[in-house]
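So the chains spell out like this:
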Amino acid sequence: MNQIKISAKTVDEAIRNALDELGETLDNVTIDIVEEGTKGLFGLGGKEAVVIVTAKEKEESQIQLAKSFVDGLIDKMGLICETEVSDDEGFIKIIITGSDVGGIIGRRGETLDAVQYLTNLYVNKGKHGETYKRVLIDSENYRAKREATLVRLANSMAAKALKNHRDMMLEPMNPYERRIIHSTLQSNSKIITRSVGEDPNRKIIISPK
Amino acid sequence: MLMKELLEYVAKSLVSSPEDVVVTQTETDASIVLNLHVAQGDMGKVIGKQGRIAKAIRAVVRAGSARENKRVIVDID
């Protein structure tokens with residue numbers, strides 16, 4: 001915490017000096033007057049004014065933290081992209097646009113997932129419970145498009161499994177993507193889905209019942 | 001130089017003692033090796049459970065190095 005105790009001839013002067021020293025403005029500090037100070041007679045026996053000035057903790061909002069982290073990351077990666085941040089029902093949502101978005105998405109969204117994961121860690125560093133904020137990052141509607149692709153894939157693979165009476169093994173996917181496949185086929189009573197292997201090579205097998 | 005800065009930026013954002021983050025770079029004909037050093041107590045913050053954080057860091061550095069014609073390897077010690 002940034003705090004300073006300063007004495008001067010008058011309270012006003014002490015506060016002015018303290019603000020100067022802290023590099024703060026009056027709005028961003030709390031002031032405790034320890035000693036009002038008296039003038040004394042003929043400049044003798046006067047008491048100096050003493051104040052304690054404390055800079056208010058600048059709680060940069062998690063939204064701003066998230067944006068500045070991602071902006072910095074994009075810059076250091078040598079990419080040119082813009083970010084737009086919003087509070088989406090308690091989630092911090094960041095949309096990345098620009099000519100270099102391919103670089104930020106990566107193969108099968110690998111880079112986008114990594115950036116999202118690191119941003120979550122950064123924004124929630126040292127936080128617990130209710131202050132925990134989840135960050136979602138998307139670009140060019142990648143996530144929605146990928147979800148549509150996975151739903152289509154799940155349905156066509158299920159149809160193949162039924163037609164050929166055999167298990168269909170999908171390529172490795174992350175937990176989020178596997179969940180989309182499982183939930184797509186959950187309502188299909190002729191099909192069972194299960195995951196085998198260990199992350200990052202965990203994959204889904206679709207079998208006829 | 002850029003890759004080193006990228007790794008430093010990410011590591012410093014995650015640890016409790018950013019002043020202890022040191023990245024050294026060794027370059028050979030085919031690859032750039034970045035060695036990341038953090039305070040003992042911060043090791044978990046750059047590795048994570050089952051190396052999940054380390055994996056994300058590597059993914060970001062790899063993406064940032066797309067323009068380099070060399071393989072970029074991140075070592076954590």
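What counts and how
Residues numbered from 1 in each chain as written. Chains lettered and ligands numbered in written order. Predicted model: local features only at pLDDT ≥ 70, side-chain atom pairs only at ≥ 80, totals over all residues. Heavy atoms only, no water. Helix = DSSP H or I, 4+ residues; strand = E, 2+ residues; numbered from the N terminus. Buried < 20%, exposed > 50% of the residue type's maximum accessible area, 1.4 Å probe, protein only. Contact = heavy atoms within 4.5 Å. Areas by Shrake-Rupley, 256 points an atom, 1.4 Å probe, with all protein chains shown as cover. Expected span 1.5 Å × (residues − 1). Buried area = accessible area lost by both parts, 1.4 Å probe. Salt bridge = Lys/Arg side-chain N within 4 Å of Asp/Glu carboxyl O. Pairing = 2+ DSSP bridges. Axes fitted to C-alpha atoms, helices over the stretch in contact; angles between N-to-C directions. 1 Å grid on protein atoms, 1.4 Å probe; cavity = no way out; pocket = protein on both sides within 12 Å on 5 of 7 lines; lining within 4 Å. Points joined across faces, edges and corners; volume = space filled by probe spheres on them. Nonpolar A, V, L, I, M, F, W, Y, C, P; charged D, E, K, R; others polar. Domains from an automatic or database assignment. Core = buried A, V, L, I, M, F, W, Y, C linked by side-chain atoms within 4.5 Å.

Draft legend 1. Representation of the overall build of chain B within the structure. For chain B, the helix and strand inventory stands at three helices and three strands. Beginning at the N terminus, the succession of helices and strands in chain B can be written as α-β-β-α-α-β. Of all 77 residues assigned to chain B, the portion counted as buried reaches 44%. Restricting to contacts in chain B with at least 6 residues of sequence separation, those with at least 24 account for 56%. Approximately 4,200 Å² of chain B is accessible, and the part contributed by carbon and sulfur atoms is 50%.

Draft legend 2. Local environment of helix H4 (residues 110–123) of chain A. Residues and elements named next belong to chain A. Between its terminal C-alpha atoms H4 stretches 20 Å, which fits the 20 Å expected from 14 residues at 1.5 Å a residue. Of all 14 residues in H4, 10 are buried, a share of seventy percent or more. Turning to H4, its buried residues number three or more, namely Thr111, Leu112, Ala114, Val115, Gln116, Tyr117, Leu118, Thr119, Asn120 and Val123.

Draft legend 3. Broad picture of the environment of Met157(A). All names here are of chain A. Tracing the backbone through its elements, the reader meets Met157 in helix H5 (residues 142–164). Judged by its relative accessible area of 14%, Met157 falls in the buried class. Separated by 11 residues in sequence, Met157 and Met168 place their C-alpha atoms 6.6 Å apart.

Draft legend 4. Representation of the interface of chain B and chain A in the model. With 20 residues of chain B at the contact, the number on the chain A side is 20 residues. Buried surface at the junction of chain B and chain A, summed over both partners, amounts to about 1,700 Å²; 68% is from carbon and sulfur atoms. Sorting the residues of chain B by area buried against chain A places Tyr9(B), Ser13(B) and Val60(B) first, and these three jointly supply 29% of that buried surface. Here Lys76(A) and Glu5(B) are joined by a salt bridge, their closest N and O atoms 4.0 Å apart. For the side of chain B that touches chain A, the leading source of residues is helix H3 (residues 52–64) of chain B, giving 10 residues.

Draft legend 5. Geometry of unusual backbone geometry. Residues and elements named next belong to chain A. One non-glycine residue, Glu140, lies in positive phi territory at about 50°. You can see Glu140 is positioned in the loop between strand S6 (135–139) and H5. Phi is positive for Asn141, close to 60°, though the residue is something other than glycine. Turning to its location among the elements, Asn141 is positioned in the loop between S6 and H5.

Draft legend 6. Looking closely at the sheet that holds strand S1 (residues 3–8) of chain A. Residues and elements named next belong to chain A. Pairing in this open sheet of three strands is antiparallel, and the strands run S1-S3-S2 from one edge to the other. Single-partner strands in this sheet number two, and they are S1 and strand S2 (29–35). Put simply, the sheet's adjacent strands are angled 20° from each other on average, direction ignored. Pairing of S1 with strand S3 (residues 49–55), which is carried by six bridges, proceeds in the antiparallel orientation. Note on S3: the bridge partner recorded for Ile4 is Val53.

Draft legend 7. Molecular detail of the layout of surface pockets. Within this model, the largest pocket holds a volume of roughly 1,400 Å³. Around the largest pocket, the lining is made up of 35 residues, and of these Asp113(A), Asn174(A), Pro175(A), Arg52(B) and Lys55(B) lie nearest the centre. Of all the elements, H4(A) adds the most residues to the lining of the largest pocket, at seven residues. Taken together, the residues of the lining of the largest pocket sort by class into 14 nonpolar, six polar and 15 charged. Per-domain counts for the lining of the largest pocket show at least three residues from each of domain 2 (62–140) and domain 3 (145–208) of chain A. When its volume is computed, the second largest pocket comes out at roughly 240 Å³. Along its surface, the second largest pocket is lined by 11 residues, and Leu121(A), Asn124(A), Lys125(A), Gly126(A) and Lys45(B) are the ones closest to its centre. Here the lining of the second largest pocket is built from residues that sort into four nonpolar, four polar and three charged.

Draft legend 8. Structural detail: the nonpolar core. With 49 residues, the main nonpolar core has Leu73(A), Ile96(A), Ile104(A), Leu118(A), Val10(B), Ile57(B) and Val60(B) as its most contacted residues. Sequence-distant contacts of Ile57(B), that is, excluding residues within four places in its chain, are made with Leu118(A), Leu7(B), Val10(B), Leu14(B) and Val46(B). Listed in part, the 14 residues of the second largest apolar core include Ala161(A), Leu170(A), Ile180(A) and Leu185(A).

Draft legend 9. Broad picture of the environment of Phe91(A). Residues and elements named next belong to chain A. Position of Phe91 among the secondary structure elements: in strand S5 (residues 91–97). Spatially, the C-alpha atom of Phe91 lies 9.8 Å from that of Tyr132, the residues being 41 residues apart in sequence. Residues in contact with Phe91, not counting those within four places in the same chain, are Ser86, Arg134 and Leu136.

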